[in-house]
Protein chains: 2
Amino acid sequence: MKPDLKLTLVSLATGVLGFATTVVSAQDPLPSWNDGPAKQAILEFVKATTTQGGPQFVSPEERIATFDQDGTLWVEHPMYTQVMYCLEKVPALVKAKPELANVAPFNTVLELLHGDRAAMEKLTLPDIEKIAIATLTGMSVETFQAEVKQWLAEAKHPRWKKPYTELTYLPMHEVLKYLRANGYKTYIVTGGGQDFVREYAEETYGIPPEDIVGTAGETKYGYDKSGKPFLTKEPKLILNDNYAGKPEGIHLMIGRQPYAAFGNSTGDRQMLEYTKAGGGARLAMIVLHDDATREYAYGPAEGLPDTKVGTFTRALYDEAKKNGWTVISMKKDWKQIFAFEK
Amino acid sequence: MKPDLKLTLVSLATGVLGFATTVVSAQDPLPSWNDGPAKQAILEFVKATTTQGGPQFVSPEERIATFDQDGTLWVEHPMYTQVMYCLEKVPALVKAKPELANVAPFNTVLELLHGDRAAMEKLTLPDIEKIAIATLTGMSVETFQAEVKQWLAEAKHPRWKKPYTELTYLPMHEVLKYLRANGYKTYIVTGGGQDFVREYAEETYGIPPEDIVGTAGETKYGYDKSGKPFLTKEPKLILNDNYAGKPEGIHLMIGRQPYAAFGNSTGDRQMLEYTKAGGGARLAMIVLHDDATREYAYGPAEGLPDTKVGTFTRALYDEAKKNGWTVISMKKDWKQIFAFEK
């Protein structure tokens, strides 16, 4: 509080009213949010759970907040970033194993990457799984980490032509920082790959590897020729961190019920339910992508276009209203979406 | 540094030499350790990895230290505490399911608890697994947590007649605190059950639930009659956090290679190897139980009696010497073992 007080005194002393105004707006922890029920819900939750002696006070060690990533912290359309990673790794895979060049689904991906967008329609979910196993497993943890880092440095989102890590939502960055400033530990709980997200989450969101809960496969301990131990990524799933897998993953990796949870799709439903089921003040928020101009519009809730990527159904919308979850309208609640916008 | 300086000035001003001596010993972060190579290794490791600008400096976010629990942080003889929990839960289990009273291995456990110590010999590893599944799974997470808390409050160790949570090693408490004071995150990485250890680790060791890596089973998300969600503990293993499972578990739950690791048996071998395999200064320490008078003596390393509970083989001892792990001799290195001793 001291720096603010000092600034206020300086502004009073010099009589510069404009300066005092700057001080006031610098105190708003959520400047990219428009005033409204969503912003209000966040501010009230933090106040209630951090007011010492208050009826809803939460002790600091219990302050856990969980965030879905795709569609909640960053853009997930037209396709999840990690699926883009898997597709774009296929040429290198085919170079290493030329026998795959004429084998489905790898040949379909090569057509797709050569500009045949209709090829995307041919890819089924089992195809994507096959591509994921081929590009995410069978190498050492270190090799995978290096490949992800390199891809992230080079890859660009097709619409904004910017690195994917710049396509994160400024209002959610503010929420992460605001919660942490109030003693909350912020976790990512994502359907995406835990090892994938760990490669950039610390730099991008300020969330360290140990606070990433995600879809995870087994690793296998072994030794190289010199006897040095290393871990190999295996094609066997330990945790599918979607739907019921989210609360199950939260218990496995964190072991506490969150006080706040943020999501945007049917994959987040059980995490939001689980969070709200705890006693005291609990915050459950769900992002509705209703801004086709600045980002994307999809539901099918609220009559928005249907999608297979980040589906927000009408039933989910009804459950949100019934259970006291707060729907965040991207269009109405977010003053600014990306940090790079002016 | 300020309080120490103040005390030093006071002692100089008053000329009380004895007081100054107290100040010096209060500065020793490891007062329960005798001077020797083990204590020295800890002090040198912390100095090397926290000296800014030094060649082995480790940035604070990378400072991860992992501790085995049974035999490393607390007593594991004559039997692992969690196995005692499982055995002592059998009467309540049989009361709820009377048909088990005459079925092996439950009848054997009842004989054992009624004082027939020879019955212990009849219990095989598959028996113990059967008892573990019956007493650790099939109930909600909340029910299990309440049962563990109640047992811990009542159960006593057969030798010291004290609660198990008092049978923790004072020298290791000092290491935990010393590492944390130097920016290290301290994790338990245990072959014991993750959910079991989580129930007391925060109070006992200052290690919160989210920093416990242990043997873990699946949970299953569901709803009670009122529609409230809860998790049920399932009899399906996700992680066997022993041997190679320790580095695999560290990768799954933490995602960083530790800079320091502490163990005491063959189950810790791969964790210690994995830790030492990283670059820069890495600390690997292994406790040798060679003090039959104050605690227990078992190996079979160094000609100590053989055991199935916390085996420290001759091969492990050789690997420790070869790879630069530091062996902690309980007898020589620990001035005091338990906090309750004078």
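Residues numbered from 1 in each chain as written. Chains lettered and ligands numbered in written order. Predicted model: local features only at pLDDT ≥ 70, side-chain atom pairs only at ≥ 80, totals over all residues. Heavy atoms only, no water.

Asks: Can you walk me through the overall build of chain A in this structure?
Replies: Along chain A, the regular secondary structure elements total 16 helices and 7 strands. Whereas a compact globule of 342 residues would reach a radius of gyration of roughly 20 Å, chain A reaches 22 Å, a difference of no more than 12%. Overall, chain A is about 75 × 45 × 45 Å in size when its C-alpha atoms are taken along their principal axes. In chain A, which comprises 342 residues, the proportion classed as buried is 54%. (Helix = DSSP H or I, 4+ residues; strand = E, 2+ residues; numbered from the N terminus. Rg over C-alpha atoms; globule rule 2.2 N^0.38 Å. Buried < 20%, exposed > 50% of the residue type's maximum accessible area, 1.4 Å probe, protein only.)

Asks: What exactly am I supposed to notice about the pattern of salt bridges here?
Replies: Here the idea is simple: oppositely charged side chains can pair when their charged atoms come close. A full pass over the atoms with the stated rule returns 36 salt bridges over all chains. Put simply, A:Asp291 and A:Arg294 hold a salt bridge, and the shortest N to O gap is 2.7 Å. When its relative accessible area of 4% is taken as the criterion, A:Asp291 is described as buried. Through salt bridges with shared partners, one network takes in A:Glu62, A:Lys185, A:Arg256, B:Glu202 and B:Glu210. (Salt bridge = Lys/Arg side-chain N within 4 Å of Asp/Glu carboxyl O.)

Asks: Any chance you could explain the interface of chain B and chain A here in plain terms?
Replies: Often, the extent of an interface is quoted as the loss of accessible area on bringing the components together. Of the residues lining the interface, 38 residues belong to chain B; the matching set on chain A comes to 38 residues. Between chain B and chain A, roughly 3,100 Å² of surface is buried when both sides are summed, and carbon and sulfur atoms account for 53% of that area. Where chain B meets chain A, there are 6 salt bridges. Measuring nitrogen to oxygen at the nearest pair gives 2.9 Å for the salt bridge that ties A:Glu210 to B:Arg256. Along the contact surface separating chain B from chain A lie 25 residue pairs in polar contact (both at pLDDT 80 or more). Those elements giving two or more residues to the side of chain B that touches chain A turn out to be helix H9 (141-154), strand S2 (185-193), helix H11 (194-198), strand S3 (212-223), strand S4 (229-239), helix H13 (245-253) and helix H14 (269-276) of chain B. (Contact = heavy atoms within 4.5 Å. Buried area = accessible area lost by both parts, 1.4 Å probe. Polar contact = N/O pair within 3.5 Å; in protein donor to acceptor, adjacent residues only side chain to side chain.)

Asks: Any chance you could explain empty space enclosed by the protein here in plain terms?
Replies: One water molecule sets the probe size; rolling that probe over the atoms shows where empty space is left. With the rule as written, the count across this model stands at 1 cavity of 30 Å³ or more. If you add up the space inside the largest cavity, you get close to 40 Å³. The wall of the largest cavity is formed by A:Tyr187, A:Glu210, A:Asp211, A:Met253, B:Lys185, B:Tyr187, B:Glu210, B:Asp211 and B:Met253. Here the residues of the lining of the largest cavity sort into 4 nonpolar, no polar and 5 charged. (1 Å grid on protein atoms, 1.4 Å probe; cavity = no way out; pocket = protein on both sides within 12 Å on 5 of 7 lines; lining within 4 Å. Points joined across faces, edges and corners; volume = space filled by probe spheres on them. Nonpolar A, V, L, I, M, F, W, Y, C, P; charged D, E, K, R; others polar.)

Asks: Looking at this model, I keep getting lost on the sheet that holds strand S7 (residues 326-329) of chain A. Mind explaining?
Replies: Note: strands within a sheet are paired through backbone hydrogen bonds, in either parallel or antiparallel orientation. Residues and elements named next belong to chain A. Strand order in the open sheet formed by 7 strands is S4-S3-S2-S1-S5-S6-S7, and the pairing between neighbours is mixed. The strands lining the two open edges of the sheet, one partner per strand, are strand S4 (229-239) and S7. Neighbour-to-neighbour, the strand axes of the sheet open up by a mean angle of 30 degrees, direction not taken into account. Pairing between strand S1 (residues 64-67) and strand S2 (residues 185-193): 4 bridges, direction parallel. Of the residues in S2, the one forming a bridge with Phe67 is Ile188. Strands S1, S2, strand S3 (212-223) and S4 of the sheet are contacted by helix H13 (residues 245-253), whose axis makes an angle of about 130 degrees with S2. (Pairing = 2+ DSSP bridges. Axes fitted to C-alpha atoms, helices over the stretch in contact; angles between N-to-C directions.)

Asks: Sorry, what's going on with the packing of helix H4 (residues 81-88) of chain B against helix H8 (residues 125-136) of chain B here?
Replies: Two quantities define a packed helix pair, namely the angle between the axes and the distance from one axis to the other. All names here are of chain B. One can describe the packing of H4 onto H8 by two numbers: an axis separation of 9 Å at closest approach and a directional angle of 70 degrees. As judged from the angle between their axes, H4 and H8 are roughly perpendicular. Facing Gln82, Val83, Tyr85, Cys86 and Leu87 of H4, the residues of H8 in contact are Ile128, Ile131, Ala132, Thr135 and Leu136. Each residue belonging to the contact of H4 with H8 can be placed in one class, and the counts come to 8 nonpolar, 2 polar and no charged. (Parallel < 35°, antiparallel > 145°, perpendicular 65-115°, else oblique.)

Asks: Sorry if this is basic, but what is going on with the nonpolar core here?
Replies: Across soluble globular proteins, you tend to see nonpolar side chains buried next to one another. Counting 71 residues, the largest nonpolar core has A:Trp33, A:Phe45, A:Phe67, A:Leu179, A:Tyr205, A:Phe262 and A:Trp334 as the members making the most contacts within it. It is helix H3 (residues 37-50) of chain A that contributes the most residues to this core, 6 residues altogether. Dropping the residues within four chain positions of it, A:Phe262 is found in contact with A:Thr66, A:Phe67, A:Asp68, A:Thr72, A:Met172, A:Val175, A:Leu179, A:Met271, A:Leu272, A:Leu283 and A:Met285. By size, the runner-up hydrophobic cluster in this structure holds 70 residues, among which are B:Phe45, B:Tyr85, B:Trp160 and B:Leu179. (Core = buried A, V, L, I, M, F, W, Y, C linked by side-chain atoms within 4.5 Å.)

Asks: Explanation requested: the relation of the copies chain B and chain A in the structure shown.
Replies: Under the fitted operation, chain B is carried onto chain A by 0.0 Å of movement along the axis and a turn of 180 degrees, and the coordinates agree to an RMSD of 0.0 Å. Within this description, the copies of the chain are treated as partners about a two-fold rotation axis. In this assembly, 100% of the residues forming the interface of chain B have copies in chain A that are likewise at the interface, indicating an isologous arrangement. (Least-squares fit on C-alpha atoms with pLDDT ≥ 70 in both.)

Asks: Quick question: what am I supposed to make of H8(B) here?
Replies: Three- or four-residue spacings in an α-helix give side chains the same orientation, since the helix completes a turn every 3.6 residues. Residue and element names in this part refer to chain B. With 12 residues, H8 ought to run about 16 Å at 1.5 Å a step, and its terminal C-alpha atoms sit 16 Å apart, in line with that. Taken together, the buried positions of H8 are occupied by Asp127, Ile131, Thr135 and Leu136. In an axial view of H8, the angular spread of the buried residues amounts to 140 degrees, which keeps them on one side of the axis. Exposed side chains of H8 directed beyond 90 degrees from the buried face belong to Leu125 and Pro126. Those residues of H8 that are buried are in contact with H4, helix H5 (90-96), helix H6 (106-113), helix H7 (119-122), H9 and S4. Just downstream of H8 lies Gly138, where phi reads positive at about 90 degrees. (Expected span 1.5 Å × (residues − 1). Arc of directions from axis to C-beta.)

Asks: In this structure, what is going on with the side chain of A:Ser265? I would like to understand it.
Replies: All names here are of chain A. Its place among the elements puts Ser265 in the loop between strand S5 (260-263) and helix H14 (269-276). Under the relative-accessibility criterion, Ser265 is labelled buried at 11%. Not counting chain neighbours up to four residues away, the residues in contact with Ser265 comprise Ile286, Gly310, Thr311 and Leu316.

Asks: How should I be thinking about the sheet that holds strand S6 (residues 283-288) of chain B in this particular structure?
Replies: Residue and element names in this part refer to chain B. Read across the sheet, 7 strands follow the order S4-S3-S2-S1-S5-S6-S7 without closing on themselves; strand pairing throughout is mixed. The open sheet has two free edges, formed respectively by S4 and strand S7 (326-329), since each of these has just one partner strand. On average, each strand axis in the sheet is inclined to that of its neighbour by 30 degrees, with strand direction left out of account. Against the sheet, helix H3 (residues 37-50) contacts strand S5 (260-263), S6 and S7, and its axis sits at roughly 155 degrees relative to S6.

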